[in-house]
Amino acid sequence: MLVLIPFFVLPILVVLVASVFETDGFGGLIPTFTLANYGTVLTSGLTFNLYFETVKFTILTWFFTLILGFFVAYFLVFHVRNPLLAIGLFLICTVPFWTSNIIRMISWIPLLGKEGLINSALLRLGLIRAPLEFLLYSGFAVVVAYVHQLTIFMIVPIFNSMARIDKRVVEAAIDAGASRFDIMRLIIVPLSKSGIALGSIFVASIVMGDFFVTKVMSGGGSASVVGAFYEDISVLQYPGAAASAIILTVVLLVMVSLILRTVDIRKEITR
Amino acid sequence: MAPQNVAMAEARATKRAIAPSRGGRPWTFYLLATLFTFYVIALYGPMICIYILSFQDVRGGLVFPMKGLSLHWFIDLFTQVRTSDVKGSFDRLSVARDLSPVCSS
């Protein structure tokens with residue numbers, strides 16, 4: 001626990017202190033106490049738009065990673081009979097995670113581009129007349145890149161909590177005449193709730209805290225909260241950037257605590 | 001239990017069960033297996049594309065179709081160009097290592 005002090009508490013405190021300082025405009029900080037930085041950030045309409053955009057991407061990514069991750073985990077746990085094969089398939093899902101996020105994001109460009117594989121294949125099949133413009137440098141591309149990167153964060157915790165479900169419960173439900181949908185609704189989903197919650201926390205906090213994917217895959221068409229204060233830092237507006245960082249941290253904490261309220265994680269993990 | 005009943009129960013289990021431990025597989029297996037296959041293809045496909053495209057000739061960029069095979073970009077990586085100098089940075093590293101005893105003494 002002590003390791004949290006130098007690597008977590010201190011940096012947060014530095015940011016907190018910087019957010020109430022004034023700037024001299026050239027990167028220097030004047031040690032005073034002012035809430036003007038927060039005022040500037042909170043009263044600007046830009047902040048609202050940025051949060052709207054980031055939350056939009058977060059919700060879309062969360063939705064698709066949840067659907068995909070849940071059913072992939074479900075397939076591996078309940079449909080693959082050989083446990084060794086299930087673990088092998090699970091490892092296949094995790095191997096791409098060993099390469100850089102940036103390479104995996106860039107690798108969508110030759111596929112989605114105007115002369116990319118998908119467009120040329122569709123053109124050759126005669127399904128479209130002109131190349132689809134929305135594939136690359138758009139919100140679509142951003143969501144594709146995020147889902148590609150983050151589905152594994154959903155699969156792992158959901159797989160873990162599903163693997164702990166006693167198969168006999170499912171068998172008993174079948175014997176009692178439960179339908180497939182009932183089993184899903186009354187057994188599988190409630191018992192893998194902790195995995196879903198953990199995966200949601202991972203995905204939501206990563207997407208909210210990321211700016212690079214949004215910046216590259218939208219071609220500069222979309223901005224994000226972190227991207228905005230990265231710009232602030234590059235023009236030496238440290239207090240403003242620190243204030244936005246603190247606000248984002250608070251928003252994320254609220255989000256995570258809301259997710260945690262739906263499930264008692266401590267109880268579920270030690271189950 | 002009469003053998004007839006057992007057979008019936010098994011048939012029902014095959015129809016209803018999400019994953020019977022023996023016997024035929026339910027239709028959801030095939031559906032989810034397809035989903036899983038697509039997921040794995042989407043996971044590996046783009047990366048494999050990048051690896052193939054790295055053998056692109058000098059005339060082509062980061063797009064298909066391939067304009068001839070070459071090791072141009074790998075050679076480019078290890079010779080000095082404006083944007084990168086992989087070999088040079090490794091050389092500097094070794095020079096720094098050779099010099100470090102001199103500096104410390």
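Provided above is the structure to which this section pertains.
Peer 1: What's the story with the overall build of chain A in this structure? I'm lost.
Peer 2: In terms of helices and strands, chain A carries 15 helices and 2 strands. Principal-axis analysis of the C-alpha atoms places the extent of chain A at approximately 70 × 55 × 30 Å. Looking at chain A as a whole, 33% of its 271 residues qualify as buried. Taking as baseline every contact in chain A between residues at least 6 positions apart, the subset at least 24 positions apart corresponds to 72%.

Peer 1: Any chance you could explain the overall build of chain B here in plain terms?
Peer 2: What chain B contains, in helices and strands, is 4 helices and 0 strands. In chain B, which comprises 105 residues, the share counted as buried stands at 8%. The long-range fraction of contacts in chain B, counting pairs at least 24 apart against all pairs at least 6 apart in sequence, stands at 0%.

Peer 1: Would you mind going over the packing of helix 3 (residues 45-79) of chain A against helix 4 (residues 83-94) of chain A with me for this structure?
Peer 2: In a pair of packed helices, the angle between the axes and the distance between the axes together describe the arrangement. All names here are of chain A. Axis separation between helix 3 and helix 4 bottoms out at 9 Å; the angle between their running directions is 155 degrees. By the criterion of interaxial angle, the relationship of helix 3 to helix 4 is roughly antiparallel. In this structure, helix 3 meets helix 4 at a crossing whose hand is right-handed. Contact residues: helix 3 offers V72, L76 and V77, while helix 4 offers A86, L89, F90 and C93.

Peer 1: For this particular structure, what's the right way to read the nonpolar core?
Peer 2: For soluble globular proteins, the rule of thumb is that nonpolar side chains tend to be buried together. With 61 residues, the main nonpolar core has V72(A), A73(A), A141(A), A145(A) and Y146(A) as its most contacted residues. Elements with a minimum of two residues in this core: helix 3, helix 6 (109-112), helix 8 (139-163), helix 11 (193-208), helix 12 (212-217), helix 13 (225-234) and helix 14 (238-261) of chain A together with helix 2 (27-53) of chain B.

Peer 1: Can you help me understand the interface of chain B and chain A in this one?
Peer 2: Tallying the contact residues gives 25 residues for chain B and 30 residues for chain A. Mapped onto the side of chain B that touches chain A, the elements with two or more residues apiece are helix 1 (3-16) and helix 2 of chain B. The dominant element in the side of chain B that touches chain A, judged by the number of residues it contributes, is helix 2 of chain B, at 16 residues. Of the residues that constitute the side of chain B that touches chain A, the class distribution is 22 nonpolar, 2 polar and 1 charged.

Peer 1: Looking at this model, I keep getting lost on the environment of Y146(A). Mind explaining?
Peer 2: Here Y146(A) shows up in helix 8. It is 9.9 Å that separates the C-alpha atoms of Y146(A) and D210(A), two residues lying 64 residues apart in sequence.

Peer 1: Got a minute to help me understand the packing of helix 3 of chain A against helix 2 of chain B in this structure?
Peer 2: The contact between helix 3 of chain A and helix 2 of chain B brings their axes to 10 Å, and the two run at 125 degrees. Classified by the interaxial angle, the pair formed by helix 3 of chain A and helix 2 of chain B is oblique. Crossing of helix 3 of chain A over helix 2 of chain B shows left-handed handedness. Between helix 3 of chain A, through L68(A), F71(A), V72(A), Y74(A), F75(A) and H79(A), and helix 2 of chain B, the contact on the second element is made entirely by F29(B), L32(B), A33(B), L35(B), F36(B) and Y39(B). The residue inventory of the contact of helix 3 of chain A with helix 2 of chain B, partitioned by class, reads 11 nonpolar, 1 polar and no charged.

Criteria and cut-off values
Residues numbered from 1 in each chain as written. Chains lettered and ligands numbered in written order. Predicted model: local features only at pLDDT ≥ 70, side-chain atom pairs only at ≥ 80, totals over all residues. Helix = DSSP H or I, 4+ residues; strand = E, 2+ residues; numbered from the N terminus. Buried ≥ 20, exposed ≤ 12 C-beta atoms within 10 Å, placed from the backbone. Contact = placed C-beta atoms within 7 Å. Axes fitted to C-alpha atoms, helices over the stretch in contact; angles between N-to-C directions. Parallel < 35°, antiparallel > 145°, perpendicular 65-115°, else oblique. Left-handed = near helix turned anticlockwise from the far one by under 90°. Core = buried A, V, L, I, M, F, W, Y, C linked by C-beta atoms within 7 Å. Nonpolar A, V, L, I, M, F, W, Y, C, P; charged D, E, K, R; others polar.

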